[in-house]
Amino acid sequence: MSPPTSLKILLVDDEVVRAAMVEEALTHEGHRVICRLTSPASLNEMVARHAPDVVIIDMESPDRDTLDSMALLNRENPRPVVFFADQHDPDTLQAALKVGVSAYVVDGLVPGRVKPIIEVAIARFDAFQSLRRELDKTRNQLSERKRIERAKGLLMKHQNTDEEQAYRMLRKLAMDRGQRIAQVADNVIDILERLENGL
């Protein structure tokens, strides 16, 4: 059996004794706690500085500040986040998942359950990031298509050409300049719209 992959972990726990026990359990599993915080206030900054593989937050229940910190982290330095809470509250659970928590576990942190929970959190995080990239790519393609259509429309109007000719003009410009057709479309839109507005 291969040894467990060693992960760099940032741990947030407002109880010093519990944090020490959690760190010991993680170390026993072959992981390294590279940073320990007592509050999530500087979470994003510390993740940027230490680049952990996983963030583990262990507290009674996430308050508004904690949720805000996790939302900022999810926007600027996304990482798998495992949240161990002492109390179950469906609204808080929903709020935590909305701000990017990969795994939300009630009843606190039990050392023996840490490894499978971290593995699930990482898998969920990776799947979500992959979906997010796919969505961004689709959005960009759609945006590019709209700009190309706009440029074709302007060329048809100003050059008195049909759609096929307008597209060929864009493609030729792109090849001549060594640019992507969407970049050329942006330039064409910029120039022809300025002409229309008499600038």
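Residues numbered from 1 in each chain as written. Predicted model: local features only at pLDDT ≥ 70, side-chain atom pairs only at ≥ 80, totals over all residues. Heavy atoms only, no water.

Trainee: In this structure, what is going on with the packing of helix α2 (residues 43-50) against helix α3 (residues 64-76)? I would like to understand it.
Mentor: Each pair of packed helices gets described by two things: the angle between the helix axes and the distance between those axes. Direction vectors running N to C along α2 and α3 enclose 35°, while the axes themselves pass 8 Å from each other. Residues L43, N44 and V47 of α2 form the contact with α3, whose own contacting residues are S69, M70, L72, L73 and E76. A breakdown of the residues in the contact of α2 with α3 according to their chemical character gives five nonpolar, two polar and one charged. (Axes fitted to C-alpha atoms, helices over the stretch in contact; angles between N-to-C directions. Helix = DSSP H or I, 4+ residues; strand = E, 2+ residues; numbered from the N terminus. Contact = heavy atoms within 4.5 Å. Nonpolar A, V, L, I, M, F, W, Y, C, P; charged D, E, K, R; others polar.)

Trainee: Even after reading the chapter, I still don't get α2, so can you show me in this structure?
Mentor: In an α-helix, one full turn covers 3.6 residues, which means residues spaced three or four apart are oriented alike. For α2, the full list of buried residues reads L43, N44, M46 and V47. The arc that holds every buried residue of α2, seen down its axis, measures 165°, which confines them to one face. Along α2, the residues that are exposed and aim more than 90 degrees away from the buried face are A48 and R49. (Buried < 20%, exposed > 50% of the residue type's maximum accessible area, 1.4 Å probe, protein only. Arc of directions from axis to C-beta.)

Trainee: Hey, could you run me through the side chain of S69 in this one?
Mentor: Among the secondary structure elements, S69 is positioned in helix α3. On the accessibility criterion, S69 (11% relative accessible area) is buried. Excluding residues within four positions of it along the chain, S69 makes contact with P40, A41 and L43.

Trainee: What am I meant to see in the packing of helix α6 (residues 163-177) against helix α7 (residues 181-196) here?
Mentor: Between α6 and α7, the least distance of the axes is 9 Å, while the angle of their chain directions is 110°. With respect to each other, α6 and α7 are oriented roughly perpendicular. When you trace α6 past α7, the crossing you get is right-handed. Between α6, through Y167, L170, R171, L173, A174 and R177, and α7, the contact on the second element is made entirely by I181, V184, A185, N187 and V188. Across the contact of α6 with α7, the residue classes break down as eight nonpolar, one polar and two charged. (Parallel < 35°, antiparallel > 145°, perpendicular 65-115°, else oblique. Left-handed = near helix turned anticlockwise from the far one by under 90°.)

Trainee: Please explain the pattern of salt bridges as it appears in this structure.
Mentor: Any two side chains of opposite charge can pair, given that their charged atoms come close. A full pass over the atoms with the stated rule returns 13 salt bridges. Between E23 and R36 there is a salt bridge whose closest N-O contact spans 2.7 Å. Taken as a pair, E23 in helix α1 (residues 16-28) and R36 in strand β2 (residues 32-37) lie far apart in primary sequence, 13 residues in all. For K172, the salt bridge is made with D176, and the minimal N-O distance between the two is 2.8 Å. One end of the pair, K172, and the other, D176, are both in helix α6, four residues apart, so they sit about a helical turn from each other. Judged by relative accessible area, K172 falls into the exposed class, the value being 51%. Given a relative accessible area of 54%, D176 falls into the exposed group. One connected set of salt bridges, linked through shared partners, spans E149, K152 and E163. (Salt bridge = Lys/Arg side-chain N within 4 Å of Asp/Glu carboxyl O.)

Trainee: What am I meant to see in the sheet that holds β2 here?
Mentor: Picture the strands of a sheet paired through backbone hydrogen bonds; they go either parallel or antiparallel. One open sheet accounts for five strands, arranged β2-β1-β3-β4-β5; its pairing is parallel. The open sheet has two free edges, formed respectively by β2 and β5 (103-106), since each of these has just one partner strand. If you compare each strand with its neighbour and ignore which way they point, the axes differ by 20° on average. Judged from the five bridges that link them, strand β1 (residues 8-13) and strand β3 (residues 54-59) form a sheet pairing that is parallel. If you follow D13 over to β3, its bridge partner there is D58. Relative to the sheet, α1 contacts β1, β2 and β3, its axis offset from that of β1 by approximately 160°. (Pairing = 2+ DSSP bridges.)

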